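Coordinates in review
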Amino acid sequence: MVGAGQLARMTHQAAIDLGVELRVLAATSQDPAVLAGAVHQIGSPAELADLRRLAEGADVVTFDHERVPPELLARLEADGVNLAPPARAKLLAQDKAHQREHLAALGLPVPPFALARGLREIEEFGSLHGWPLVAKAPRGGYDGRGVTVVADAKVASAVLGELPDGVLLEPLLAIEQELAVLVARTRVGEQVAYPVAQTVQRDAMCREIRVPAPIPPQLADKARSLALEIAERSGAVGLLALELFVVDGLLLVNELALRPHNSGHFTIEGSCTSQFEQHLRAVLGWPLGVPDLVAPAVVTVNVVGPADGAQPAERVAEALAVPGVHLHLYGKEPAPGRKLGHVTACGAQIAEVAARAREAASILEGGSA
Ligand code: ADP
């Protein structure tokens, strides 16, 4: 696996059960997957030699992030390396503007958008759709970093100054709900979709995942069909996470990732097959697991580094006093606003389950619950 962050760490945990050896490409010996004992190689995802060494003798090479330059993915494939997802599909997840154009060309529902390289194009988009706008960095953004609400042309020029290669523009949408759907797909096209999750964001960062999403069954069916269609048409292999907005009761595709995803952490205790085991099964071409929930309601709350830089690991005992919660700490250095772990609870009713997961997460974040 290229990358050794929390996604690699949790994939490593699933690999242990399946008797699979996961080798990770880590930036440092302190990366979360390395601290969890995964066999590792220190190197850079932007160095062909490091990627080649990682791939040596591996059945398949997969990813926990989007930071491998596309030309290197193509070189690896030309070497005969089995990439999952394949280079062409992975490229889709790496550039928001390219992804949006691809999805729109497939006729899929996406928000109005434009790729702007100059101030004049931003002004035109603003006069067409109204201010404020949302400007996104096409590459490298996550957890809302790279997403800016642009009030007027003055703010727009500041954003452009930082992103000389252009920005993806969207109107500021009146989003009623945000949803996420996970799909796993094998190279021969076997696919399964998980129940639709509702994701709840604060400051453009996902804080909570509630499953099943409180939406009509027809909308849930539509969301799952959309995710299955996108997985098939983009040639995904492994996990695909589709993020959707509900606007005026209709689904719009926000973005997709071709790897395990934060919105899928609920599956570790909440589903018959965790997203990490499912990703391994899919990239290895093994039979896919059952995606059903094990309880009527499952909620995951992210643990985000508090402003005082406190370490959640010091509050584990207190958090575990909350009944029936499952803690996951990623072994990361605490920093304000950084995702350091998550808590999942399962039960009969969303509100009760959410209350327990929030209480434990809040204790870990240093609050009094
Ligand atoms: P990232 O890749 O950093 O998560 P996203 O594009 O998913 O960035 O945006 C992060 C969050 O910002 C979304 O989950 C949503 O809450 C908000 N957001 C994104 N685009 C828009 C938009 N056009 N209108 C309103 N809110 C938006």
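As the structure is a prediction and not an experimental result, all values here were calculated from the model.

Looking now at the side chain of Ser 234. Here Ser 234 shows up in helix α9 (residues 217-234). Within the structure, Ser 234 has its side chain in polar contact with the backbone oxygen of Ile 230 (distance 2.6 Å). Excluding residues within four positions of it along the chain, Ser 234 makes contact with Arg 88, Ala 89, Leu 92, His 102 and Leu 240.

It is worth spelling out the nonpolar core at this point. As a rule of thumb, soluble globular proteins bury nonpolar side chains together. Ile 230, Leu 242 and Leu 244 are the most contacted members of the largest nonpolar core, which totals 28 residues. For this core, the element with the highest residue contribution is α9, accounting for seven residues. Once residues lying within four places of it in the same chain are set aside, the contact partners of Leu 242 are Leu 179, Ala 180, Val 181, Ala 223, Leu 226, Ala 227, Ile 230, Val 253, Glu 255 and Leu 256.

All right, on to helix α6 (residues 96-105) then. Among all positions in α6, only Lys 96, Ala 97, Gln 99, Arg 100 and Leu 103 are buried. In an axial view of α6, the angular spread of the buried residues amounts to 160°, which keeps them on one side of the axis. Where α6 begins, the capping side chain belongs to Asp 95, and its oxygen is found 2.9 Å from the backbone nitrogen of Ala 97.

A few words on the site of the ligand. In the neighbourhood of the ligand, 20 residues make up the surrounding shell, with Lys 136, Gly 144, Glu 170, Glu 178 and Glu 255 lying closest. Pro 171 is positioned such that a nitrogen or oxygen atom in its backbone is 2.9 Å from a nitrogen atom of the ligand. Separating an oxygen atom of the ligand from a side-chain N or O atom of Glu 243 is a distance of 3.3 Å. The fraction of the free accessible surface of the ligand (550 Å²) that becomes covered by protein chains is 88%. Elements that contribute at least two residues to the shell around the ligand include exactly β4 (133-136), β6 (167-171), β11 (238-247) and β12 (250-257). By residue class, the composition of the shell around the ligand is nine nonpolar, three polar and eight charged.

Taken together, the four strands give an open sheet; going across it, the order is β3-β6-β4-β5, and neighbouring strands pair in antiparallel fashion. Each edge of the sheet is formed by a strand with only one pairing partner; in this case those strands are β3 (114-116) and β5 (147-150). With strand direction ignored, the average angle separating the axes of adjacent strands in the sheet is 35°. Both β4 and β6 contribute to a ladder of four bridges, which runs antiparallel. Residue pairing for β6: Val 134 is matched across the bridge by Glu 170. Sitting on the sheet, α6 is in contact with β3, β4, β5 and β6, with an inclination near 55° to β6.

Okay, unusual backbone geometry next. Here the residue pair Ala 84 and Pro 85 is connected by a cis peptide bond, since its omega of 5° sits within 30 degrees of zero. Looking at the element boundaries, Pro 85 is found in the loop between α4 (70-78) and α5 (87-94). Between Val 211 and Pro 212 the backbone carries a cis peptide bond, its omega angle lying at -5°. Not every positive phi belongs to a glycine, and Asp 203 is a case in point at roughly 50°. Note that Asp 203 resides in the loop between β9 (197-202) and β10 (205-211).

Looking now at the pairing of β10. Counting buried positions along β10 yields six of seven residues, so the element is predominantly enclosed. Where β9 and β10 come together, five bridges link them in antiparallel fashion. Its bridge partner lying in β10, Thr 199 is registered against Ile 209. Counting the residues between successive antiparallel strands, the hairpin from β9 to β10 contains two residues, one of them, Asp 203, with a positive phi of roughly 50°.

Per the UniProt entry, the sites bearing "domain: ATP-grasp" (unreviewed entry) are residues 100-284 in this numbering. As annotated, residues 100-284 comprises 31% helix and 32% strand, and the C-alpha atoms at either end are separated by 29 Å.

Assignment of secondary structure puts Ala 348 in the loop between β15 (339-347) and α13 (350-364). The residues touching Ala 348, leaving out its near neighbours within four places in the chain, are Pro 296, Ala 297 and Val 353.

Attention now moves to α5. For the α-helix, the turn length of 3.6 residues means that residues three or four positions removed from each other point alike. Judged by how many residues are buried, α5 sits mostly within the fold: six of eight residues are covered. Regarding α5, the residues found buried are Ala 87, Ala 89, Lys 90, Leu 92, Ala 93 and Gln 94. Looking at the packing, one finds that the buried side of α5 touches α4, α6, α9 and β12.

Next up on the list: the packing of helix α7 (residues 119-129) against helix α8 (residues 153-162). At a minimum axis separation of 10 Å, α7 and α8 run at an interaxial angle of 135°. Classified by the angle between their axes, α7 and α8 sit oblique to one another. Between α7 and α8 the crossing geometry is right-handed. Residues Leu 119, Ile 122 and Glu 123 of α7 lie in contact with α8, whose contacting residues are Ala 153, Ala 156, Ser 157 and Leu 160. Class assignment of the residues belonging to the contact of α7 with α8 gives a composition of five nonpolar, one polar and one charged.

Parameters at a glance
Residues numbered from 1 in each chain as written. Predicted model: local features only at pLDDT ≥ 70, side-chain atom pairs only at ≥ 80, totals over all residues. Heavy atoms only, no water. Helix = DSSP H or I, 4+ residues; strand = E, 2+ residues; numbered from the N terminus. Polar contact = N/O pair within 3.5 Å; in protein donor to acceptor, adjacent residues only side chain to side chain. Contact = heavy atoms within 4.5 Å. Core = buried A, V, L, I, M, F, W, Y, C linked by side-chain atoms within 4.5 Å. Buried < 20%, exposed > 50% of the residue type's maximum accessible area, 1.4 Å probe, protein only. Arc of directions from axis to C-beta. Near = heavy atom within 4 Å. Areas by Shrake-Rupley, 256 points an atom, 1.4 Å probe, with all protein chains shown as cover. Nonpolar A, V, L, I, M, F, W, Y, C, P; charged D, E, K, R; others polar. Pairing = 2+ DSSP bridges. Axes fitted to C-alpha atoms, helices over the stretch in contact; angles between N-to-C directions. UniProt positions renumbered as here; feature names shortened; annotations may be inferred. Parallel < 35°, antiparallel > 145°, perpendicular 65-115°, else oblique. Left-handed = near helix turned anticlockwise from the far one by under 90°.

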